[in-house]
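Examination of the molecular architecture
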Amino acid sequence: MNSPDAASATPAEHARTATRAPDPPGPEGAFHFGSLAEIRDNPMDFYVRISQKYGGIVRFFYGKKATYLVSEPDLIKELLIKHRERYVKNERYKELQRLIGEGLLLSEGEVWQRQRTSSMPAFRRERIHAQLPVIAQLVDERLDKWQAMVDSGEPFDTEPHFSEISQSLICDFILGTENRDLTEPILEVLRRLMTYWPTPPRTILGGYKLPSPKTVRELKGALADLDDCFYEAIRRARASNQEDGALGVLLQHEHESQGRYEDQELRDQLVTLYMAGFETSASVATWLFYRLSLQPQIRDRVYAEVASVLDGSPPDAETLPLLDLTKRSIQETMRLYPPAYNFSRIAVQDDVLGGYHIPKGAMVIVAPWATHRLTAYWPDPEGFDPDRFLPERNAKRPGMAYIPFGAGHRVCIGAGLATVQLTVTVARFCQRYRLDLEPAHHVRHVPGTVMRPENGMVMRVLSI
Ligand code: HEM
């Protein structure tokens, strides 16, 4: 199939294409629909297939629109670092903007720079390490709530419960301890939002259904309640000159720079951090315990490490770095199930990537899911092997072969925080519970806002 752009090109455009770099290789797909059917069936399996068949940069057709997948580490570096000025974040994320507003995840240019600079101090290593006791305490409180379900002896879907742990950690990190009473109301609103938030269609004919009036009403109501919670936190923080949490850090920055933030801007910043932070970490914990239950010999090693390093105590700044295998197991989980399984950019000008032409306006996709399965860097890619992340094996791979947190100037601001929160969560779990997949439960990954198990993750949880 020809590119639709080429089909409608003017003579001047034809003259230009005669001298420009070639188009990348890739599947032609079906007339009019391109590769839509395969993408909608399961985009990640499609990306894995085409990256292995056609190479590090592939052109395919999303309907009639030429779209590009970049999976080779060197080309990812070119896209996200060397040519960063030629791309912006994907316009398609604007859907998400209705929820999170103009926050760090979606902003561009000067607004982005200011937001990144003002949030950065909240994510400093020393600040995160100072919160270790609070993180452990919050995880413990949530684990206490698991006990009744564990005592019942019945298997249950662990996914929403991991999500609650992440949410309570993120809430505390963002709004500060002083606003802890808002955690439960926010969790409740989020549950409602997730129930009614539109999900992408999964079949070629399944266009986005118009939401029913009830759905629109529920969504509006939940968004208004979410706003109430965050505006209440902002009001309190201003009144008490709060220093705690990302909210306190932003207010500090406001004092230092002597420029007052609008409440709306603060709200957008905080909701963005919240939304970017909770589902991502929760999904890693869910998939990690699933994989450990499938490989008891690795699980035994992780449990033994936690027991010997911590001797029953929660991790602190000294013991955290000693949980080496635990950390590598988390890394391996993020290789196999990267929560941000793909992200994308839009070219703001014509570009040449890896010797291939990328036209202005094209969408360029980076799929950690596919890059993390390139057999050149990851032999036996579906196997779960934390030892891939031993230093000597890391040294043999290009850095961009592993990009769960993205790369370049838009790299995840919460990477350090997420790693610490996850390590503490996993360690506290290992000190208390063993999780076994319920044998009758079939696990299949489906892409949503993060990569999720289609029917949840039903596990039998035993006290140790
Ligand atoms: C395992 C957990 C996480 C994963 C895998 C993850 C992944 C990512 C990725 C891949 C990006 C880059 C997207 C792109 O380039 O288009 C990103 C950006 C971002 N993440 Fe995370 N994230 C995680 C946790 C968090 C947490 C805990 C927070 C904050 C509390 C956070 C806040 C953000 C923000 C604000 C950005 C945008 C940064 C910018 O554009 O300057 N993330 N994340």
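So, a few notes on the structure that sits alongside this text. Keep in mind that this is a model prediction, so the values were computed, not measured.

Description of unusual backbone geometry
In this structure, N241 takes a positive phi of about 50 degrees despite not being glycine. Structurally, N241 is set in the loop between α12 (213-240) and α13 (245-257). Under the C-beta neighbour-count criterion, N241 is labelled exposed, with 10 such atoms within 10 Å. In this structure, D311 takes a positive phi of about 50 degrees despite not being glycine. Along the chain, D311 falls in the loop between α15 (296-310) and α16 (324-336). Under the C-beta neighbour-count criterion, D311 is labelled exposed, with 9 such atoms within 10 Å.

Describing the site of the ligand
The immediate surroundings of the ligand are formed by 24 residues, with A276, G277, G406, C412 and G414 found nearest. When residues of the shell around the ligand are traced back to their parent elements, those giving at least two are α14 (263-294) and α19 (415-430). The element best represented in the shell around the ligand is α14, accounting for 7 residues. Here the residues of the shell around the ligand are counted per class, giving 16 nonpolar, 6 polar and 2 charged.

A few points about the nonpolar core
Judged by nonpolar contacts, the single largest core of 107 residues is most densely connected at V70, I174 and L247. When residues in this core are grouped by element, the largest group, 14 residues, is from α14. What L247 contacts, discounting residues up to four positions off in sequence, is I174, L175, G176, A233, I234, A237, Q242 and L270.

A look at the pairing of strand β2 (residues 65-70)
With 6 bridges joining them, strand β1 (residues 57-62) and β2 adopt antiparallel strand pairing. Paired with R59 across the bridge in β2 is Y68. Hairpin geometry of β1 and β2 is characterised by an intervening segment of 2 residues between the two adjacent antiparallel strands and by a positive phi of about 65 degrees at G63. Judged from the 4 bridges that link them, β2 and strand β8 (residues 363-366) form a sheet pairing that is parallel. Paired with T67 across the strands is M363, a residue of β8.

A look at the sheet that holds β8
An order of β1-β2-β8-β5-β3 is seen for the 5 strands of this open sheet, with the pairing classed as mixed. Of all strands in the sheet, those bounded by a partner on one side alone are β1 and β3 (87-89). Averaged over all pairs of adjacent strands, the angle between their axes in this sheet comes to 35 degrees, without regard to strand direction. Taken strand by strand, helix α4 (residues 43-54) contacts β1 and β2, and its axis lies near 135 degrees from that of β1.

Quick look at the environment of T419
You can see T419 is positioned in helix α19. For T419, a count of 19 C-beta atoms within 10 Å gives the class partly exposed. Through-space distance from the C-alpha of T419 to that of I330 is 8.1 Å; in sequence the pair is 89 residues apart.

Quick notes on the sheet that holds strand β12 (residues 458-463)
With respect to topology, 3 strands assemble into an open sheet ordered β4-β12-β9, the strand pairing being antiparallel. The sheet is open, and its two borders are formed by β4 (156-157) and β9 (433-437), each paired with just one other strand. Looking at chain direction, β9 and β12 are connected through 5 bridges and run antiparallel. Counterpart to L435 in the pairing with β12 is V461.

Considerations on helix α11 (residues 183-196)
For α11, which comprises 14 residues, the first-to-last C-alpha distance of 20 Å matches the rise-based estimate of 20 Å (1.5 Å per residue) to within 8%. Taken together, the buried positions of α11 are occupied by I186, V189 and L190. All buried residues of α11 lie within an arc of 105 degrees about the axis, which places them on one face of the element. On its buried face, α11 is in contact with α10 (159-175) and α12.

Cut-off values and rules
Residues numbered from 1 in each chain as written. Predicted model: local features only at pLDDT ≥ 70, side-chain atom pairs only at ≥ 80, totals over all residues. Helix = DSSP H or I, 4+ residues; strand = E, 2+ residues; numbered from the N terminus. Buried ≥ 20, exposed ≤ 12 C-beta atoms within 10 Å, placed from the backbone. Near = placed C-beta within 6 Å. Nonpolar A, V, L, I, M, F, W, Y, C, P; charged D, E, K, R; others polar. Core = buried A, V, L, I, M, F, W, Y, C linked by C-beta atoms within 7 Å. Contact = placed C-beta atoms within 7 Å. Pairing = 2+ DSSP bridges. Axes fitted to C-alpha atoms, helices over the stretch in contact; angles between N-to-C directions. Expected span 1.5 Å × (residues − 1). Arc of directions from axis to C-beta.

Treat this as a map of the structure, not an account of what it does.
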